[in-house]
Amino acid sequence: DYFKQLFAQVTNPPLDAIREELVTSMGSTIGPERNLLRPEPESCHQIKIPYPILDNDELAKLRHLADLAFRTVTLPMLYSPSEGGAGLERAMDALCRRASEAVAEGCTILILSDRGVDRTHAPIPSLLATAGVHHHLVREGTRTKCGLLVESGEAREVHHMALLVGYGA
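How each quantity is defined
- Residues numbered from 1 in each chain as written.
- Predicted model: local features only at pLDDT ≥ 70, side-chain atom pairs only at ≥ 80, totals over all residues.
- Heavy atoms only, no water.
- Buried < 20%, exposed > 50% of the residue type's maximum accessible area, 1.4 Å probe, protein only.
- Helix = DSSP H or I, 4+ residues; strand = E, 2+ residues; numbered from the N terminus.
- Pairing = 2+ DSSP bridges.
- pLDDT = per-residue confidence, 0-100.
- Polar contact = N/O pair within 3.5 Å; in protein donor to acceptor, adjacent residues only side chain to side chain.
- Contact = heavy atoms within 4.5 Å.

1. Some details on the pairing of strand β5 (residues 109-113)
- For β5, the buried fraction is high: five of the five residues fall into the buried class.
- In β5, alternate side chains face the same way, and those of I109, I111 and S113 on one face and L110 and L112 on the other are all buried.
- Note: strand β3 (residues 72-76) against β5, five bridges, orientation parallel. Bridging from a neighbouring strand, P76 pairs with S113 of β5.
- Pairing of β5 with strand β7 (residues 147-151) involves five bridges; the strand directions are parallel.

What follows is the structure in C-alpha cells.
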C-alpha cells in the first residue's frame, strides 16, 4: 500500500483506446524469449494473453499444456512463520534455488503459488517472492528462458496487480 498513486495522470491529447489499440493494449505474452538481435521462427513461440490477470481455468490450462515447447512447474512460496525472519530468508533462498533448477531442467513457465497456507505455513509476500525470483534469474542470466506467473490471494486491487507486473510477473 506504500506505493499508492497520489495523483491523477492525464494524457494530452487524451488516449483513444479504440483508435490507439497498440498503445492501450494490456495484452502480453508468456514463455521464453529468444535473442532479439537474431530473430528466428522459434522467437514467435509464445502464449498470447489479452490481459495480465488470469482466472483459475486459464491458469489450469497453462499448468497442463500439451505443447512440448512449454513446460510448467508450480513453486510454493510458503514459509514457517514460527522460524521468524531467518525462516523467511531460508524460504526465499530455497524458492530461488528451485526456480533455477526448474529452468535448468527446461521449464519455461514458473508459477509462484501461495496455495497451501495453513496454521504452520504462511505465504511469502508475493511482491517479495516475485522480485526475489526475477532478480535471481536475471543475475544468473536465465530470466528470459521462462515466464513468471504469480498465483496469490494476496493481490486484491488493481494497484497490487500492477506492482506484481512491474516486479517481474
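More follows now that the structure is in view.
2. Considerations on the confidence of the model for the protein
- The share of residues in the protein with pLDDT of 70 or more is 91%, and the mean pLDDT across the chain is 90.
- Across the protein, the element-wise mean pLDDT spans from 74 in helix α1 (residues 21-24) up to 98 in β5.

3. Quick notes on the side chain of S113
- Among the structural elements, S113 can be located in strand β5.
- Overall, S113 belongs to the buried group, its relative accessible area being 4%.
- Engagement of the side chain of S113 in a polar contact is seen with the side chain of E151, the distance being 2.6 Å.
- Filtering out sequence-adjacent residues up to four positions away, S113 remains in contact with R63, T74, L75, P76, M77 and E151.

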